[in-house]
Amino acid sequence: MAMTSSKKNKAARKIGFYLGLIILLTISLFPFFIMLMTSFKSSKEAVATNPSFFPKDWTFQHYVDIFNPDIFPYLAYFKNSLIVALTAALLSVVIGIFGAYALSKLKFIGKTTINASFYTVYMLSGILLVVPLFKIISGLGLYDTKTALIITMIVQTLPTSIFMLKSYFDTIPEDLEEAAMIDGLNRVQIIFYIIIPLAISGIISVFVYSFMVAWNDYLFASIFLSDSANFTLPIGLNALFSTPDYIWGRMMAASLITALPVVGMYAISEHFIKGNLTEGGVKG
């Protein structure tokens, strides 16, 4: 009887877990479902007073329209976003690796204070940086350039990148470094041959985080960019609202396609992290 009762309790907990998971996924994915269905609706059906979940007359015209440069220069905005996001994410990771290694493995005066400052910056909102960054960017003559946005995104993501990477580097045994030094490796070689391979999961996570922040940024892009030729996708989508070409289905189609690179980044990172690339270098 006791075993039967225990099995029933386990089954009930399992059912409750899956039921809660289904409810959570339904709530989380429902807005994306509405976006997807709206992107296939005609213009009149999308704003109908009696809306339906599924389109009555399916259309792919909205997806065709967003790639028409006469209606919406989606590919130009996509290119700008890709350049900014990839460059900012790559530089944030490269700088973050060296900064995190110094804070994790080296001993120097002021290390505790610098560590504390990164924790403090990590908790502050990025909007506090708008005014000082605007003055710096304007003073350098970089206003309304993609370079300005790249610098801004590096400043925005670097504290978190260092914070996250340091946590990964702290878990790597110092015995590995000592053994490498005995074999004649210097600090830079240790970073490339030992630290990076062992912390690849953390590095990929930081890259995806930095890419996502730069890709979705609207605040800094709206401040530092004024020429439509330099617009990124968030600014371009917002600008579409104030044009005669603004249509709900078109907006939903553009928004869904804009989300695909981030989804792809998560899928790629999960593939690498789940692979055998993150196994430690110390065996028991």
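Residues numbered from 1 in each chain as written. Predicted model: local features only at pLDDT ≥ 70, side-chain atom pairs only at ≥ 80, totals over all residues. Heavy atoms only, no water.

The next thing to look at is the packing of aromatic side chains. On inspection of all chains with the given rule, the structure shows 19 aromatic pairs. Ring geometry for Phe72 versus Tyr74: centroids 6.0 Å apart, planes at 55 degrees, classification tilted. Across the pair, Tyr74 and Phe72 agree in class, each one buried. Three or more aromatic residues joined by ring pairs make a cluster, and in this case those are Phe67, Phe72, Tyr74, Tyr77, Phe78, Phe211, Trp215 and Phe231. (Phe/Tyr/Trp six-rings, centres within 6.5 Å; stacked < 30°, edge-to-face > 60°. Buried < 20%, exposed > 50% of the residue type's maximum accessible area, 1.4 Å probe, protein only.)

Looking now at the UniProt feature "transmembrane region" (unreviewed entry) in the chain. This chain's UniProt record puts "transmembrane region" (unreviewed entry) on residues 15-37, 82-104, 116-137, 149-169, 190-212 and 247-268. Here residues 15-37 is 100% helix and 0% strand, with 30 Å between the C-alpha atoms at its ends. Secondary structure across residues 149-169 divides into 100% helix and 0% strand, with the first and last C-alpha atoms of the span separated by 29 Å. (UniProt positions renumbered as here; feature names shortened; annotations may be inferred. Helix = DSSP H or I, 4+ residues; strand = E, 2+ residues; numbered from the N terminus.)

The next point concerns the side chain of Thr157. Structurally, Thr157 can be placed in helix α7 (residues 146-169). Its relative accessible area of 1% is what places Thr157 among the buried residues. Excluding its chain neighbours within four sequence positions, the residues that come into contact with Thr157 are Ser92, Tyr209, Ser210 and Val213. (Contact = heavy atoms within 4.5 Å.)

This brings us to unusual backbone geometry. We note that Asp144 has phi near 65 degrees; this positive angle belongs to a residue other than glycine. Mapped onto the elements, Asp144 comes out in the loop between α6 (130-139) and α7. Given the relative accessible area of 18%, Asp144 is considered buried.

Judged by nonpolar contacts, the single largest core of 42 residues is most densely connected at Phe72 and Phe220. Elements that contribute at least two residues to this core include exactly α4 (74-105), α6, α7, α10 (200-216), α11 (219-224), α12 (233-240) and α13 (248-274). For this core, the element with the most residues is α13, which contributes eight residues. When sequence neighbours within four positions are dropped, the list of residues in contact with Phe220 reads Gly126, Val130, Leu133, Leu149, Thr152, Met153 and Gln156. Residues Val93, Tyr101, Ile162 and Ala180 belong to the second largest nonpolar core, which totals 20 residues. (Core = buried A, V, L, I, M, F, W, Y, C linked by side-chain atoms within 4.5 Å.)

On to the packing of α4 against α10. At a closest axis distance of 8 Å, the pairing of α4 and α10 adopts a crossing angle of 140 degrees. One finds that α4 runs oblique with respect to α10. Judged by the sense of rotation from one axis to the other, the crossing of α4 with α10 is right-handed. Contact residues: α4 offers Phe78, Ser81, Leu82, Val84, Ala85, Leu86, Ala88, Ala89, Leu90, Ser92, Val93 and Ile97, while α10 offers Ile203, Val206, Phe207, Ser210, Phe211, Ala214 and Trp215. Looking at the contact of α4 with α10, its residues break down into 16 nonpolar, three polar and no charged. (Axes fitted to C-alpha atoms, helices over the stretch in contact; angles between N-to-C directions. Parallel < 35°, antiparallel > 145°, perpendicular 65-115°, else oblique. Left-handed = near helix turned anticlockwise from the far one by under 90°. Nonpolar A, V, L, I, M, F, W, Y, C, P; charged D, E, K, R; others polar.)

Right, let's talk about the packing of α4 against helix α9 (residues 187-198) for a bit. In the contact formed by α4 and α9, the axes pass within 12 Å of each other and the chain directions differ by 100 degrees. By the angle between their axes, α4 is roughly perpendicular relative to α9. Residues Ile97, Phe98 and Tyr101 of α4 lie in contact with α9, whose contacting residues are Arg187, Ile190, Ile191, Phe192, Ile195 and Ile196. Tallied by class, residues from the contact of α4 with α9 come to eight nonpolar, no polar and one charged.

Attention now moves to α9. For α9, spanning twelve residues, the distance from its first C-alpha to its last is 15 Å, which sits close to the expected 16 Å at 1.5 Å a residue. Along α9, the residues classified as buried are Ile190, Ile191, Ile194, Ile195 and Ile196. Looking at where α9 begins, the residue whose side-chain oxygen comes 3.2 Å from the main-chain nitrogen of Val188 is Asn186. (Expected span 1.5 Å × (residues − 1). Polar contact = N/O pair within 3.5 Å; in protein donor to acceptor, adjacent residues only side chain to side chain.)

In this model, α7 (24 residues) spans 32 Å end to end at C-alpha, consistent with the 34 Å of a helix rising 1.5 Å per residue. Thr157 marks the point of greatest bend in α7, at about 40 degrees, and the proline Pro159 comes within the next four residues. (Bend = angle between axes of the 7 residues up to and from the residue.)

In this structure the tally under the stated criterion is four salt bridges. The closest approach of N and O atoms between Glu177 and Lys105, which form a salt bridge, is 3.9 Å. Of this pair, Glu177 sits in helix α8 (residues 174-182) while Lys105 sits in helix α4; the two residues are 72 residues apart in sequence, bridging distant segments of the chain. On the basis of relative accessibility, which here comes to 12%, the residue Lys105 falls in the buried class. Across the pair Asp170 and Lys166 runs a salt bridge whose closest N-O atoms are separated by 3.0 Å. Taken together, the salt bridges that share partners define one network made up of Lys105, Glu177 and Arg187. (Salt bridge = Lys/Arg side-chain N within 4 Å of Asp/Glu carboxyl O.)

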